[in-house]
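Results of the structural survey
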Amino acid sequence: MFRTVPVVVNADDRGTATAVGGRRSAVNQAASQAACSYRPPPLPTFRTRMASMRDLPAAVKPLLARFTSDAGARVPLVALWAHGSLALGDYQPGRSDLDLVALVGTELDDARQAELRAVHERLIADVPLARSLHCTYVPQGDTSDTARQHPTWAQGEWFERPVTPVSRRELALGAVVLHGPPPVGLLPGVSDQELAEFIRAELEDYWLPVAGNAKAELWLQDIWVDLGMLTFARASVTLRNGQLITKREALDELGSMGAPTAVVDDIRRRRHGTDLLKNPSASDDFRARRAEQARQFVRAGITTLLAQHGNPPPGPAHASRLTRRPLPPA
């Protein structure tokens, strides 16, 4: 849900979002008003049943079956679970990531990690869709330390990150069980307070600086527009009522929150449309306008949302901050 990459934070990028000359633009005002006054009808409750391999879209079944077999041949695989869009029912083949967590029966030394990395690399060579398959490997006896970082393959890289509160909440409420037992009882639960604190920290420590002037060029890219707008909408809902929503539902939220219509329509077309050859995003002028509108809306909205819902308690940064790396910074 909240995807982050390491960035250099500028102190000047913190604080209230303003337009040129210090005057708030209509986009800023819309985001601030949305965060303060928006009260949508109740969303459907996030499903609480566990799905299995047979419930998956046909496009991903062979890939996940092979990955389960290949990974299980290299390490003692206790369980393998999917969360994110696949578990939420919002998976888009070729556009969505496949977010997995593997519970393994041993610590992963350097040799085992090298074997698992080779599994991912061979799978990508054989099945292009495997580029979107991400997996974090958690030793079975090490699940209680929620801040510990675990070996992870994501976006073509091998690194370490924790299983975040958002991921653990998704797994607890609606995992796809690809192998072994369901995650309930095997991973620590997530309180509403822990979830809210994590989201506030992500918004303040990561997304607010990313939406600052120093990172304006990032927003010329589709991925940053999509992640920024959808993350803000999803975070707003979770901080308001504790619910997790899909990216598709986040688009509807943005429409109701007064987000720039052209930006929302562009995201919807690229993520859910079929006519991708007619791409207005290819225009440099459109990209520039879209970038500024999206960045201003997200920055103003986050500033107001944090003021409305309070800041994380004082203390050292949680170890799960700033560890997910879907793309390198521009």
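Residues numbered from 1 in each chain as written. Predicted model: local features only at pLDDT ≥ 70, side-chain atom pairs only at ≥ 80, totals over all residues. Heavy atoms only, no water.

Attention now moves to the pattern of salt bridges. Applying the stated criterion across every chain yields a total of 16 salt bridges. With a closest N to O distance of 3.0 Å, Asp 192 and Arg 169 form a salt bridge. Residue Asp 192 is located in helix H6 (residues 192–210), and its partner Arg 169 is located in helix H5 (residues 165–174); the two are separated by 23 residues in the primary sequence. With a relative accessible area of 9%, Arg 169 lands in the buried category. Three or more residues are tied together by salt bridges with common partners; here these are Asp 222, Asp 226, Asp 266, Arg 269, Arg 270, Arg 271, Arg 287 and Arg 290. (Salt bridge = Lys/Arg side-chain N within 4 Å of Asp/Glu carboxyl O. Helix = DSSP H or I, 4+ residues; strand = E, 2+ residues; numbered from the N terminus. Buried < 20%, exposed > 50% of the residue type's maximum accessible area, 1.4 Å probe, protein only.)

Let us now look at the sheet that holds strand E5 (residues 150–154). The seven strands are arranged E1-E7-E2-E3-E4-E5-E6 in an open sheet whose pairing can be described as mixed. In this open sheet, the two edge strands, each paired with only one partner strand, are strand E1 (51–52) and strand E6 (157–161). Here two bridges tie E1 to strand E7 (residues 176–179), and the two strands are oriented parallel to one another. Looking across to E7, one finds that Ala 51 is bridged to Val 176. (Pairing = 2+ DSSP bridges.)

The geometry of an aromatic ring pair comes down to the distance between the two centres and the angle between the two planes. By the definition in use, this model includes four aromatic pairs. Seen from their ring centres, Tyr 137 and Trp 158 are 5.8 Å apart, and the 35° between their planes marks the pair as tilted. In this pair, Tyr 137 sits in strand E4 (residues 133–139) while Trp 158 sits in strand E6, placing the two residues 21 residues apart along the sequence. Both residues of the pair, Tyr 137 and Trp 158, count as buried. Seen from their ring centres, Tyr 206 and Trp 207 are 5.2 Å apart, and the 85° between their planes marks the pair as edge-to-face. Given the relative accessible area of 1%, Tyr 206 is considered buried. An aromatic cluster of three or more residues is present, and its members are Tyr 206, Trp 207 and Trp 224. (Phe/Tyr/Trp six-rings, centres within 6.5 Å; stacked < 30°, edge-to-face > 60°.)

Moving on to the confidence of the model for the chain. Low-pLDDT portions of the prediction should not be read for the details of their coordinates. The share of residues in the chain with pLDDT of 70 or more is 76%, and the mean pLDDT across the chain is 82. When the elements of the chain are averaged for pLDDT, helix H1 (residues 26–37) gives the smallest value, 51, and helix H4 (residues 110–126) the largest, 98. Note that pLDDT drops below 50 for residues 1–24; the model gives that stretch 73 contacts with residues more than four away or on any other chain. Below a pLDDT of 50 lies the segment residues 316–329, which in the model reaches 48 contacts outside its immediate sequence neighbourhood of four places, other chains included. (pLDDT = per-residue confidence, 0-100. Contact = heavy atoms within 4.5 Å.)

Next up on the list: the pairing of E7. Regular strands show a simple pattern: their side chains alternate between the two faces of the sheet. Note: strand E2 (residues 77–83) against E7, three bridges, orientation antiparallel. Its bridge partner lying in E7, Ala 82 is registered against Val 176.

Next up on the list: the environment of Thr 238. Inspection of the secondary structure assignment puts Thr 238 in helix H7 (residues 222–241). Sequence separation between Thr 238 and Asp 192 is 46 residues, and the spatial gap between their C-alpha atoms is 9.3 Å. Within polar-contact distance, the side chain of Thr 238 engages the backbone oxygen of Gln 243 at 2.7 Å. (Polar contact = N/O pair within 3.5 Å; in protein donor to acceptor, adjacent residues only side chain to side chain.)

The next subject is unusual backbone geometry. Although it is not a glycine, Gln 155 adopts a positive phi angle of roughly 50°. Note that Gln 155 resides in the loop between E5 and E6.

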